[in-house]
Amino acid sequence: MIFGIPVQAFLGQLLVGLINGSFYALLSLGLAVIFGLLRVINFAHGAQYMLGAFVALLALKWLGLPYWGALVVAPLVVGALGAALERTMLSRLYSLDPLYGLLFTFGLALALEGALRWYFGSSGQPYSAPRALTGAVNLGFMVLPIYRGWVIVASLAVCLAVWALIEKTRLGATLRAATENPTLVQSFGINVPLLLTLTYALGAGLAALAGVLAAPIYQVSPLMGSNIIIVVFAVVVVGGMGSILGAIITGYLLGVAEGLTKVFYPEASNIVIFVIMAIVLILRPAGLFGKEG
Amino acid sequence: MNALLNVADLHAWYGESHVLHGVSMHVDPGETVCILGRNGMGKTTTLRSIMGIVRKRTGRIEFAGQDVMAMPLHRTARAGLGFVPEERGIFATLSVDENLMLPPVVAPGGMTLDEIHRLFPNLLERRHSPGTKLSGGEQQMLAMARILRTGARCLLLDEPTEGLAPVIIEAIGNVLRELKARGMTVVLVEQNFRFASRVADRFYVMDHGVMTQEFPVADLESRMGMLHETLGV
């Protein structure tokens, strides 16, 4: 027993929290990358997550593309769509107040979601996990479904890789510099508009990757993005807008906090993240990892 | 000699505000040209317009025979123009080394890291420090060094001595003289007249968005009275 709760129930909810946290971390990472460089609050992020899952589903139905292929293809397809969107539409809004970017991506998310609801209906469609990831492992203290373990490992690996890309490479240094002063970086001979396009594509691709990972767990539905995006925004705010490390760490922490609240006080599990967000906003408006001022 | 940089009838605007009113100037290869003028006369805007940072502009700017007016900003740098802004533009989230290595090499012939570290030894000692933790003088050296690495043929240098101690100003003067010996072309905007007179070959005087006078360093003595009156120095 842990605090009067059976160990299995406690660890089970911890696992659920970690899995949710994996998706929160991946999605808020993409949001943070996009906000950090483009200063766009990408409300279409949930729709891009949903599109990733749909690309995987349709690629399986129409082309017979298996899960492993979808893990590569869906982020590339959604990333390419994101690049086209940024180049043709979003880039026209950079000179305006960031609110315009938010409204534009919000409208886009509604349009995408509405179109897919009209075509596919609202109910979720099953998408099977690959055979290699089915089944469960008995860890002694709990039974761990292999696919859920894979989601945690894959999410951690991708988050760490993106963090290393941004913090430890020359390309990342260029991205960080462009976040501070894009005009000066461009005056050095760096094609900042292209960098912005690629960054948006990276963010959209990360959302799509999360969508493919989520498909076997939550089913594929046009509403899957709108169900999660508000929580993900709360994660980004708690972590600190634009903070890469903040988005990753806060994603996992809030996922776990949500999971453990389900054990100790289930009625509050749906609001605990927002309560934490409100407290953080009052005590530290820039977020846990954001820079004040 | 064909000018490396040729500017003709350059007008520039910040929003509705008309700042440059037909600037014309030329800079020969290997020359150090200094633009003098009081605050707010358009010196910085001239450099920013040549570089392409100020986009609302008309007129003609040719660099090494290429029309750079229509080029996007990043292409201007690739053509061989390097800009060191007045505020230095050191990135707080990048280390000294990362700041130094940030601009891509645009042409062969730039300084090697060893040469840069010989010229600016402090940058080697503090290579892992965050860029903005350097002193003002060190930040100025870093801002210059990172452009010298790129192989840019012409350096646009905006008030490099502003707010610096005399010993640092002397060091920057030595660097400019070394660059001159290497054949680097420099366009310098400077309020520190004493400093400019030691490094420049030729001067332009700017007043209300136009070049009002041009003279070589040899004529400096005979123009001191006028300069004192015009510049308030």
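Conventions and cut-offs
Residues numbered from 1 in each chain as written. Chains lettered and ligands numbered in written order. Predicted model: local features only at pLDDT ≥ 70, side-chain atom pairs only at ≥ 80, totals over all residues. Heavy atoms only, no water. Helix = DSSP H or I, 4+ residues; strand = E, 2+ residues; numbered from the N terminus. Rg over C-alpha atoms; globule rule 2.2 N^0.38 Å. Contact = heavy atoms within 4.5 Å. Lys, Arg positive; Asp, Glu negative; His and termini not counted. Charge placed at Lys NZ, Arg CZ, Asp CG, Glu CD. Buried < 20%, exposed > 50% of the residue type's maximum accessible area, 1.4 Å probe, protein only. Core = buried A, V, L, I, M, F, W, Y, C linked by side-chain atoms within 4.5 Å. Pairing = 2+ DSSP bridges. Axes fitted to C-alpha atoms, helices over the stretch in contact; angles between N-to-C directions. Expected span 1.5 Å × (residues − 1). Bend = angle between axes of the 7 residues up to and from the residue. Patch = residues over 30% accessible without salt bridge, like charges linked within 9 Å, V, L, I, M, F, W, Y side chains within 5 Å. Areas by Shrake-Rupley, 256 points an atom, 1.4 Å probe, with all protein chains shown as cover. Salt bridge = Lys/Arg side-chain N within 4 Å of Asp/Glu carboxyl O. Polar contact = N/O pair within 3.5 Å; in protein donor to acceptor, adjacent residues only side chain to side chain. Nonpolar A, V, L, I, M, F, W, Y, C, P; charged D, E, K, R; others polar. Phe/Tyr/Trp six-rings, centres within 6.5 Å; stacked < 30°, edge-to-face > 60°. pLDDT = per-residue confidence, 0-100. Parallel < 35°, antiparallel > 145°, perpendicular 65-115°, else oblique. Left-handed = near helix turned anticlockwise from the far one by under 90°.

S.K.: Help me understand the overall build of chain A, please; the structure alone is not making it clear to me.
M.R.: Within chain A, the secondary structure is distributed over 11 helices and 2 strands. Each helix and strand of chain A, placed in order from N terminus to C terminus, yields the pattern α-α-α-α-β-β-α-α-α-α-α-α-α. Scaling as 2.2 N^0.38, a compact globule of 293 residues should have a C-alpha radius of gyration of about 19 Å, and chain A matches this with 19 Å. In terms of overall dimensions, chain A has C-alpha extents of about 60 × 50 × 35 Å along its principal axes. Counted over contacts in chain A with a minimum sequence separation of 6, partners at least 24 positions apart contribute 77%. In chain A, which carries 13 positive and 8 negative side-chain charges, the distance between the mean positions of the two groups comes to 10 Å.

S.K.: What exactly am I supposed to notice about the overall build of chain B here?
M.R.: Counting its regular elements, chain B contains 9 helices and 10 strands. The C-alpha atoms of chain B give a radius of gyration of 17 Å, which matches the 17 Å a tight globule of 233 residues would have. C-alpha atoms of chain B, sized along the principal axes, occupy 45 × 40 × 35 Å. Classification of the 233 residues of chain B by burial places 54% in the buried group. When contacts within chain B are restricted to residue pairs at least 6 apart in sequence, those whose partners lie at least 24 apart make up 68%.

S.K.: What exactly am I supposed to notice about the nonpolar core here?
M.R.: Soluble globular proteins tend to pack their nonpolar side chains together in the buried interior. Counting 137 residues, the largest nonpolar core has Phe23(A), Phe120(B), Leu155(B) and Leu176(B) as the members making the most contacts within it. With 16 residues, helix α1 (residues 7-38) of chain A is the largest single contributor of residues to this core. When residues no more than four places from it in sequence are discounted, the contact partners of Leu176(B) are Met144(B), Leu157(B), Val186(B), Leu188(B), Phe195(B) and Val199(B). Listed in part, the 34 residues of the second largest apolar core include Leu20(B), Val68(B), Leu81(B) and Met206(B).

S.K.: Just checking my understanding: could you explain the sheet that holds strand β10 (residues 210-216) of chain B for this structure?
M.R.: Note: strands within a sheet are paired through backbone hydrogen bonds, in either parallel or antiparallel orientation. Residues and elements named next belong to chain B. Strands sit in the order β6-β7-β8-β3-β9-β10 across an open sheet of 6 strands; the sheet is mixed. Every other strand in the sheet has two partners, leaving β6 (81-84) and β10 as the edge strands with one partner each. The mean angle between the axes of side-by-side strands here comes to 20°, regardless of whether they run parallel or antiparallel. Pairing of strand β9 (residues 202-207) with β10, which is carried by 6 bridges, proceeds in the antiparallel orientation. Residue Asp207 lies in a different strand from β10, and its bridge partner there is Val210.

S.K.: Just checking my understanding: could you explain helix α8 (residues 192-218) of chain A for this structure?
M.R.: For an α-helix, the turn length of 3.6 residues means that residues three or four places apart are oriented alike. Residues and elements named next belong to chain A. End to end, α8 covers 38 Å across 27 residues, agreeing with the expected 39 Å (1.5 Å per residue, within 8%). At Val212, α8 is deflected by roughly 25°, the largest bend along its length, and proline Pro216 occurs up to four residues later in sequence. Gln219, located one to two residues past α8, shows a positive phi value of around 70°.

S.K.: When you look at a nonpolar patch on the surface in this model, what are you seeing that I'm missing?
M.R.: Residues and elements named next belong to chain A. A surface patch of nonpolar side chains, amounting to about 420 Å² of accessible area, comprises Val72, Val73, Leu76, Val77 and Leu81. For Val73, the position within the fold is in helix α3 (residues 67-88). Residue classification places Val73 among the partly exposed positions, given a relative accessible area of 31%.

S.K.: Got a minute to help me understand the interface of chain A and chain B in this structure?
M.R.: Where interface size is quoted, it is often the accessible area lost as the parts come together. Listed by partner, the interface residues are 18 residues for chain A and 23 residues for chain B. Here Glu98(B) ties to Arg176(A) by a salt bridge, and the two come within 3.1 Å at their closest N and O atoms. Where chain A touches chain B, the interface holds 7 residue pairs in polar contact (both at pLDDT 80 or more). Elements with a contribution of two residues or more to the side of chain A that touches chain B: α6 (170-180) and α7 (182-187) of chain A. Considering each element in turn, the side of chain A that touches chain B owes the most residues, 6 residues, to α6(A). Grouping the amino acids of the side of chain A that touches chain B by side-chain chemistry returns 6 nonpolar, 7 polar and 5 charged.

S.K.: What exactly am I supposed to notice about the packing of aromatic side chains here?
M.R.: The relative placement of two aromatic rings is captured by the distance of their centres and the angle of their planes. As enumerated under the stated definition, the model contains 13 aromatic pairs over all chains in all. Taking the centre distance of 6.5 Å and the plane angle of 45° together, the rings of Phe193(B) and Phe203(B) count as tilted. With Phe193(B) in helix α8 (residues 193-199) and Phe203(B) in strand β9, the pair connects residues that are 10 residues apart, well separated along the chain. Phe193(B) sits in the buried class, given a relative accessible area of 10%. Taken together, Tyr67(A), Trp68(A), Tyr127(A), Tyr147(A) and Trp150(A) form an aromatic cluster joined through their ring pairs.

S.K.: I tried to follow the confidence of the model for chain A on my own but got confused; where do I start?
M.R.: Low pLDDT means the predicted atomic positions in that stretch should not be read closely. Scored by pLDDT, chain A has a mean of 92; 99% of the residues are at 70 or more. Averaged over each element, pLDDT in chain A is lowest for strand β2 (residues 143-145) of chain A (87) and highest for α3(A) (97).

S.K.: What should I look at first to understand the environment of Asn99(B) in this one?
M.R.: Residue and element names in this part refer to chain B. Mapped onto the fold, Asn99 is located in helix α3 (residues 96-101). When its relative accessible area of 0% is taken as the criterion, Asn99 is described as buried. Taking the C-alpha atoms as reference, Asn99 lies 9.6 Å from Gly89; in sequence the two are 10 residues apart. Ignoring anything within four residues of it in the chain, the contact list for Asn99 reads Ile90, Phe91, Leu94, Gly131, Leu142 and Arg146.

S.K.: Could you clarify how one ought to interpret the packing of helix α2 (residues 45-63) of chain A against α8(A) in this entry?
M.R.: Residue and element names in this part refer to chain A. Contact geometry of α2 with α8 gives a least axis separation of 6 Å together with a crossing angle of 55°. On the basis of their axis angle, the class for α2 and α8 is oblique. Considering how the two elements wind past one another, α2 and α8 form a crossing that is right-handed. Across the interface between the two elements, His45, Gln48, Tyr49, Gly52, Ala53 and Ala56 of α2 pack against Tyr200, Gly203, Ala204, Ala207, Ala208, Ala210, Gly211, Val212, Ala214, Ala215 and Tyr218 of α8. Tallied by class, residues from the contact of α2 with α8 come to 12 nonpolar, 5 polar and no charged.

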